[in-house]
Amino acid sequence: MSDLKKDIRFKNLPLLLKDMEMKKWVIDSFFFPYKNKNYIVILKLYRENEKRPSKYAKATVEFIKQENVNVSIKGYIDFYNVHFDGAYEFCEFFGVEKGNANRDLFEDFSAIFSRYIPSEKVIVKSSEERLLIGRRTEGNNPNAIYCFDVRRNGKKEDGTPNGRSVENSNKAEILRPDLYKRYFGDTNLSFFFSDDPTEERTDREIIESFAKRK
């Protein structure tokens, strides 16, 4: 059955996904209060060849405790429900009584969650959200958030320039917006990040270093 043949619970989700595509973003964040706790939700689109847990899956979702951003639970979302690996993990994370973990548990949660999904991608985020997004955008090393250089990507076999990935653009824009604005028009350039804070350089240092290599 097509996921569009039944009523869509998450009515804002198609609008958000369309807006993200239009603005060329693969990741977003928003706040979600649940059972007297506050969470930051990270929604990320699947990469082109990434395996999906369901043919209806539209994006991954990660619920992060605002009081401790090192604690989170991951799942995926379609147009109707949020899906988690199991009821036990869900109950443990959200503080739901396990006796209530029946077959309608995720549907009840999804009904509440539907009210908090935004209808558009908002670029400007809080410092807390920017850091969380920056750690998750490229999906390799979550600790690599310290920008230290801008470099050219070289050329393809046919001589055309290699392009910067959307993920790298998003990461640079969220973590180093002024530096990104300076170079975003040249898609042959990528932004390099380290997990060592001592390697981080200021915008001026990066600009001067890049100018010497041009």
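These notes cover the structure that comes with them.

Scoring rules and cut-offs
- Residues numbered from 1 in each chain as written.
- Predicted model: local features only at pLDDT ≥ 70, side-chain atom pairs only at ≥ 80, totals over all residues.
- Heavy atoms only, no water.
- Patch = residues over 30% accessible without salt bridge, like charges linked within 9 Å, V, L, I, M, F, W, Y side chains within 5 Å.
- Areas by Shrake-Rupley, 256 points an atom, 1.4 Å probe, with all protein chains shown as cover.
- Salt bridge = Lys/Arg side-chain N within 4 Å of Asp/Glu carboxyl O.
- Helix = DSSP H or I, 4+ residues; strand = E, 2+ residues; numbered from the N terminus.
- Contact = heavy atoms within 4.5 Å.
- Buried < 20%, exposed > 50% of the residue type's maximum accessible area, 1.4 Å probe, protein only.
- Core = buried A, V, L, I, M, F, W, Y, C linked by side-chain atoms within 4.5 Å.
- Axes fitted to C-alpha atoms, helices over the stretch in contact; angles between N-to-C directions.
- Parallel < 35°, antiparallel > 145°, perpendicular 65-115°, else oblique.
- Nonpolar A, V, L, I, M, F, W, Y, C, P; charged D, E, K, R; others polar.

1. Quick notes on a nonpolar patch on the surface
A cluster of nonpolar side chains, contributed by V122, I123 and V124, occupies part of the molecular surface with about 260 Å² of accessible area. Relative to the helices and strands, V122 is located in the loop between α3 (105-113) and α4 (127-136).

2. Some details on the environment of F193
Turning to its location among the elements, F193 is positioned in strand β7 (residues 189-194). For the pair F193 and I145, spaced 48 residues apart in sequence, the C-alpha to C-alpha distance is 5.6 Å. Beyond its immediate stretch of four places on either side in the chain, F193 contacts A144, I145, Y146, C147, F148, N168, K171, A172 and L175.

3. Looking at helix α5 (residues 166-175)
By the criterion of burial, α5 is predominantly enclosed, with eight of the ten residues buried. By the burial criterion, the buried members of α5 are E167, N168, S169, N170, K171, A172, I174 and L175.

4. Digging into the nonpolar core
In terms of nonpolar packing, the biggest core is built from 30 residues, with L43, F63, F90, F94, F109 and F113 touching the most fellow members. Elements supplying a minimum of two residues to this core: α1 (13-23), β1 (27-34), β2 (37-45), β3 (59-65), β4 (72-77), α2 (87-94) and α3. For F63, the contacting residues outside a window of four places in its chain are F32, I40, V41, V71, S72, I73, V82, F84, F93, F94, F109 and F113. Membership of the second largest hydrophobic core comes to 23 residues, among which are I42, L132, A172 and I174.

5. Thoughts on α4
Considered for burial, the residues of α4 that qualify are E129, L132, I133, G134 and R136. Contact partners of the buried residues in α4: β1, β2, β3 and α5.

6. A short note on the side chain of K121
Here K121 shows up in the loop between α3 and α4. Excluding residues that lie within four positions of it along the chain, K121 makes contacts with L16, D19, M20, K23, W25, I27 and D28.

7. Quick look at the packing of α2 against α3
For the pair α2 and α3, interaxial distance at closest approach is 11 Å and the crossing angle is 45 degrees. Considering the angle they form, α2 stands oblique to α3. Here α2 contributes A87, F90, C91 and F94 to the contact with α3, which in turn contributes L105, F106 and F109. Broken down by class, the residue content of the contact of α2 with α3 amounts to seven nonpolar, no polar and no charged.

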